[in-house]
Amino acid sequence: MADAPQSDLYRRAEKELRNVKSIEELYKLDESSSVTRVIGCGHDDNLSALLAEDGAAILRNFVQRSIDQLAICALALRPLNVLPTDDALSRLRTVSCKDTHTDACGLPAIRPQVQKKLSKCMEEIKSSSKILADSPVTVQTNFSSELASYPSDDRISCSQSKKRKRPESFPLSRLRYLNLGEWNYNWGDRRYEKVPHAIALADRFVEVARRAHELAKEQTGEAASRPVNFDMAICNLYHLQRPSDRLGGHRDDVEEDLSLPLVTISLGAPGVFLLGGESRQDAPTAILLRAGDCMVMSGRSRKYFHGVPTVLSLDGNSACQMNGNPGDKVCCVFPELDDGGCLAKGFTGDKSTIPSLDEMEFAQAFL
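Residues numbered from 1 in each chain as written. Predicted model: local features only at pLDDT ≥ 70, side-chain atom pairs only at ≥ 80, totals over all residues. Heavy atoms only, no water.

Student: Explain the overall build of the protein chain to me, using residue names and the numbers behind them.
Tutor: Along the backbone of the protein chain there are 9 helices and 17 strands. Here the protein chain holds 367 residues, and the buried ones make up 46% of them. Taking the intrachain contacts of the protein chain between residues at least 6 apart in sequence as the baseline, contacts between residues at least 24 apart amount to 73%. Carbon and sulfur atoms make up 50% of the accessible area of the protein chain, which amounts to about 18700 Å² in all. (Helix = DSSP H or I, 4+ residues; strand = E, 2+ residues; numbered from the N terminus. Buried < 20%, exposed > 50% of the residue type's maximum accessible area, 1.4 Å probe, protein only. Contact = heavy atoms within 4.5 Å. Areas by Shrake-Rupley, 256 points an atom, 1.4 Å probe, with all protein chains shown as cover.)

Below, the structure is given as structure tokens:
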């Protein structure tokens, strides 16, 4: 008699988590749920330590300063060259400056009733902001399987990807992900392509990833090694009101060197990172990630299934709740900026490597 097929535990947990829309709902998962391993809801037990044994490290509050989070987002969006017009920024400012208050973290915040108006205004701006096909990055939209957005005279042969499309432009509201750096990951063919004349990954991103890896080693006990030459990043964008914008369970196993770590930084609304095992039959662990949290996968966990099945509603109390001890080691990404986003007095470095206040204001509304 043939053996009965094993249950796909990862898929079961993934399907259940897609119906979880808030941190409160995540807290309420009980023993009857298919998601029995949850980290970040006050009952972690020894799960974090067990994950560390597999090479997976959770760095809470890694990017703690809100201004650093905004600057990272702004720097990632910069290659798209979609900073809106002065009129669009004025519209955002008109909405966001109304009825503000100070949140639990002591930072300016927008009341929920104003947030809806700001989100609507931002969606209108995204719909009118166009990304040109010759932007120096590769992106994907939710109406095109793949958009090769590097210069047409140097683009990779269309014969290498049957699904490749090349519209002249598309609205920012359709953006699903963008690649930063010298490589494009072709999701359809599951392979990396060298992008001619692409902009190299920003030094700040390389420094942040290296810092995260070094801190992760302290948790996992990974042996000392040379700094990793991070040369690309994939920015996945998750729309709260668009459930299709989620990352299904997968393994990153087509890179040339699988001994190198994966570094993930969460920005914006909280979400659930679902970490499985080498098989979909292994019971996965749901990890709550808030803005500024970082996940590093190395060692055995480097080949584990992982994804983002749900993004949770953003509310003032949950969003500002500290994830670890205030004394935890954190990463100051832009030490040249004060908490308000202004350059420190006497700064003499290259200002072009630091996002402007307009770029960060747009990034704040974008998130």
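Structure's up, so let's keep going.
Student: Got a sec to walk through the nonpolar core? Specific residues and values, please.
Tutor: Among the nonpolar cores identified, the biggest contains 56 residues, and Phe62, Leu80 and Leu175 are the most heavily contacted of them. Taken together, the elements giving at least two residues each to this core come down to β2 (56–59), α4 (66–77), α5 (86–96), α6 (112–128), β8 (175–181), α7 (203–220), β16 (294–297) and α9 (357–366). When residues of this core are assigned to their parent elements, the largest contribution, 9 residues, is made by α4. (Core = buried A, V, L, I, M, F, W, Y, C linked by side-chain atoms within 4.5 Å.)

Student: So what about the environment of alanine 74? Which residues, and what values?
Tutor: Mapped onto the secondary structure, alanine 74 falls in helix α4. Owing to a relative accessible area of 4%, alanine 74 belongs among the buried residues under this scheme. Along the chain, alanine 74 and proline 355 lie 281 residues apart, while their C-alpha atoms are 6.2 Å from each other. Residue contacts for alanine 74: discarding those within four places in its chain leaves Pro355, Glu359, Met360 and Ala363.

Student: Any chance you could break down α7 for me, citing the residues and the numbers?
Tutor: Over its 18 residues, α7 runs 26 Å from end to end, which matches the ideal 26 Å to within 8%, given 1.5 Å per residue. Among all positions in α7, only Arg204, Phe205, Val206, Val208, Ala209, Ala212, His213, Leu215, Ala216, Lys217 and Thr220 are buried. Where α7 is buried, its residues contact α3 (47–53), β2, α4, β8, β13 (262–265) and β16. Downstream of α7 by one or two residues, glycine 221 has phi in the positive range, about 75°. (Expected span 1.5 Å × (residues − 1).)

Student: Could you give an account of unusual backbone geometry, naming the residues involved and the relevant values?
Tutor: Most peptide bonds adopt trans geometry, and most residues besides glycine take a negative phi value. One non-glycine residue, asparagine 61, adopts positive backbone phi at about 55°. If you trace the backbone, asparagine 61 turns up in the loop between β2 and α4.

Student: Kindly report on the packing of α4 against α9, identifying the contributing residues and their values.
Tutor: At a minimum axis distance of 8 Å, the contact between α4 and α9 shows a crossing angle of 95°. Here α4 lies roughly perpendicular to α9, going by the angle between them. Across from Ile67, Leu70, Ala71, Cys73, Ala74 and Leu77 in α4, the residues of α9 making contact are Glu359, Met360, Phe362, Ala363, Gln364 and Phe366. Broken down by class, the residue content of the contact of α4 with α9 amounts to 10 nonpolar, 1 polar and 1 charged. (Axes fitted to C-alpha atoms, helices over the stretch in contact; angles between N-to-C directions. Parallel < 35°, antiparallel > 145°, perpendicular 65-115°, else oblique. Nonpolar A, V, L, I, M, F, W, Y, C, P; charged D, E, K, R; others polar.)

Student: Quick rundown of helix α1 (residues 9–17)? Include the residues and the values.
Tutor: Among all positions in α1, only Tyr10, Ala13, Glu14 and Leu17 are buried. Along the axis of α1, the buried positions cluster into a sector of 100°, meaning they face one direction only. Contact partners of the buried residues in α1: α2 (23–27), β12 (247–250), β14 (271–275), β15 (285–289) and β17 (306–311). (Arc of directions from axis to C-beta.)

Student: I'd like a description of the side chain of serine 33, backed by residues and values.
Tutor: With respect to the helices, strands and loops of the structure, serine 33 is situated in the loop between α2 and β1 (38–39). A polar side-chain atom of serine 33 sits 2.8 Å from a polar atom in the side chain of glutamate 16. (Polar contact = N/O pair within 3.5 Å; in protein donor to acceptor, adjacent residues only side chain to side chain.)

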